[in-house]
Every structure is written in structure tokens, then in C-alpha cells.
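Topology and contacts: notes
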Amino acid sequence: CKSNFEVSFDQNAEVHEVADDGRILQQQYEFLPISAVEQTEPNSNIDLLVVVKEVHPIGTVMSKKTGQELFKCDLTVVDQSNVEINLTVWGEKAKTAEANFANQPIVAFKRLRVSDYGGRSLSSSGNGGETVNPRIPEVQPLQHWWNTQGRTSSTLKSLSTRGGGGRMDSFADRKTLSAIKTDNMGYGEKPDWMSVKATFSFVKKDKEGGPWYTACVNEEEPCRQRVKVTQTTDGYWHCDRCNKTSEKCKRRYIFSATIADETSTSWVSLFDEQALQFLGEEHTADSVYDRYFSDSSNGDTEGFDGLFAKATSTDWIVKCKVKNEMVGDESRVKTTIYSLTPMDYVKESRDLLEAISKLSV
């Protein structure tokens, strides 16, 4: 407490409710601009007054300490320093984030923890809190900036471009595929992250058994339809993790592809979620297997090839994780696709024109 005074209540104290005239602030803050977070030491606690620009889908992670599943929701927040950053809220706050932060409100956050995960990012703490549309003088200039400049700007600097795949980088923060080599990406202690505009030039779909693996049908822990199962001699599927045998399995995509831009080409890996973004949500691995590989499909390889051919040579904004890994005795830089966003050519043209207009002649 930074006050020079304190008030004590004993058994003779009387408390009477009075109308709130707004002159007493609900909370005391020491706001920093987001631009200052870049020089702030990790694990520090800071206060921010920001616009919640975007609320990302809720997700879950497993706690390394307790082994329990934790709910999380990533927010993209921005202020008039023309910088944005990723902020994660947890637990019940994550579950209600979409409703609480709807319509891009101004929010005062107390005691956010600074992390160096993905460049710089923020996380709400148990000792902090937030107030939506607080009644403080600092709100008015931030609201004016957002209404007149920030809302339509596509060239905001992001402090969270290299880590945390929860958001797509802005137009100004994108990289080219050649940056994987020129920036020596993937060799740090943590993975590097990048967004790039690229075209799928080739898909390696001819893996033995199909471009997928067979997973356990158990939706609960410890499998969650992710653990690989093996087929028994009697045609059933057995999972060593949950020690259960089922009549069916769940097929999940896993395959490699090459993407290209004007500077280079790179091999990338796609897993089930990203493959469904690439092929279309209706083309699940199970449905494609039933359509082209099952006994009743008559081996329609032409239709199978056509499905992937249609998706090839398409343009995307690709969010990738880059990490150096050991494959046998060989060190390789592996690029894994985290998310895909279809190319919006109208928005891309506007962003490009805005970037060109800001170039000095």
C-alpha cells in the first residue's frame, strides 16, 4: 500500500451506504504504454490501459505442475503507442472473455505479468484484475486515437510476432521464407514464429496407408483422440495408453508439403487441424478414407488425387513454428504450420497500398 494513512474499524464503527458520485477512483493504476513492454524485464508486473482489438478462440493447455487442464484465451490488445501485444487470460476469465471483451472495449488491466515467450507477451495473474471501460481521464485520448487512427491501421508493430501461435501477425510484421535462413531461425532455446504469404506448390500425400495416422476414439483423458492405435489380428483397434480395444479408430491427418513465395521454398508439416483448414472442414480424414480407400470405394485414386490437386497452388497467410530438431544423428530445421488464413485479396491490396503510401520518396 502506497498510502501514508490507514483506517481501522472496531466494534463501535458505523458504516452507511452513500451514492457514488464518481469522484473516488475505483482503482489506482500506473500505466505503461505497450511500446515500453519491449524493454521491461520478464516476470515484472505492469498496468496497461488498452483497446481489446481481438478475442481469439478459447483453448486449453495441460498444467505441468498439476497435470490439470487449464482454460486460456488470447487477446490482441493495442494502445496509442501504435504497438500491439498478445495477452492471455486464464480459467473462468477465459471462458467469459468473448462476452466480457466484445465490441473492442477499452480495458484497464492491473498487474499483468510480462513474459519473453514469443518476443514479449502478457498474462493475467491471480493478484491482478481488469476494469472494462473504466471511468478515468486516460480513457478519452485512447478512445479518440482508436476511433480516428488505430481501428483502421494495418501497420501496427507487434511485440508478439515470434512466439505464441494464437494470433496472425499484421501485414507489417510478416516475413518471407528466406528469413528462415537469413535470420537463423529455429536455433534458439524456444521456437521461432513467423507469418508469411505463401502458395502451396506440392503436397506429399502418398504415404503408405494414407496421409494420416490412426488414433484412439476415446475423447477423454488420457487419449483425447490423439494417441496412435494399432490394429489387432481380429480387425479391432487397441490403444496402449488407455488399454482399451475398439471396433473403430479415428484417422487424423499428418503430412508434409512445400510452400513457396517470391524469395524461397520450404518444406512444412501439417497436422489434423491445419490440414482441415487446407482441404476444407468437410474433408475429414475418416470421410476421405471411406470415400477413396474403404472396401466399398473401389479404390478411387483419381478422386483422391483431385481433392489434393484442387487445394494445391492456392494462396494463404501461413503462421509457422520454426525449430531446429535432431532427426536421428542429423540436425534439421523443421517448419510446422500452426494456422492457415485464406488470402483476402481486397484486404491484401489495401494493406499494400497503405504500406506504399508510408514509404518516403
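Residues numbered from 1 in each chain as written. Predicted model: local features only at pLDDT ≥ 70, side-chain atom pairs only at ≥ 80, totals over all residues. Heavy atoms only, no water.

1. Digging into unusual backbone geometry
For clarity, the threshold we go by: Secondary structure elements are taken from DSSP: a helix is a run of H or I of four residues or more, a strand is a run of E of two residues or more, and numbering for both begins at the N terminus. Only protein chains enter the calculation, and the probe is 1.4 Å; a residue is then buried if its accessible area is under 20% of its type maximum, exposed if over 50%, and partly exposed in between.
Although it is not a glycine, asparagine 43 adopts a positive phi angle of roughly 75 degrees. Its location among the elements puts asparagine 43 in the segment before β1 (45-55). According to the relative accessible area criterion, asparagine 43 is exposed, its value standing at 57%.

2. Some thoughts on the packing of aromatic side chains
Quick note on the threshold: Working definition: a ring pair exists when centres of Phe, Tyr or Trp rings (six-membered ring for Trp) sit within 6.5 Å. Plane angles under 30 degrees give stacked, over 60 give edge-to-face, the rest tilted. Counting as a charge over the ring demands two things of the Lys NZ or Arg CZ atom: a distance within 6 Å of the ring centre and an angle within 35 degrees of the ring normal.
Per the stated rule, a full pass over the model turns up 16 aromatic pairs. Between tryptophan 212 and tyrosine 289, the aromatic rings sit 6.2 Å apart at their centres with planes inclined by 85 degrees, giving edge-to-face as the arrangement. Of the two residues, tryptophan 212 is situated in strand β10 (residues 212-215) and tyrosine 289 in helix α6 (residues 285-292); the sequence distance between them amounts to 77 residues. Judged by its relative accessible area of 6%, tryptophan 212 is buried. Ring geometry for phenylalanine 255 and phenylalanine 308: centres 5.8 Å apart, planes at 80 degrees, overall edge-to-face. On the criterion of sequence distance, the pair formed by phenylalanine 255 in strand β14 (residues 250-260) and phenylalanine 308 in helix α7 (residues 301-311) is long-range, its members being 53 residues apart. On the basis of relative accessible area, phenylalanine 255 is assigned to the buried category, the value being 5%. Given the relative accessible area of 2%, phenylalanine 308 is considered buried. Ring pairing ties together the aromatic residues Trp212, Tyr253, Phe255, Tyr289, Tyr292, Phe293, Phe304 and Phe308, which thus form one cluster. Taking NZ or CZ as reference, arginine 251 lies 3.5 Å from the ring centre of tyrosine 289, over its face.

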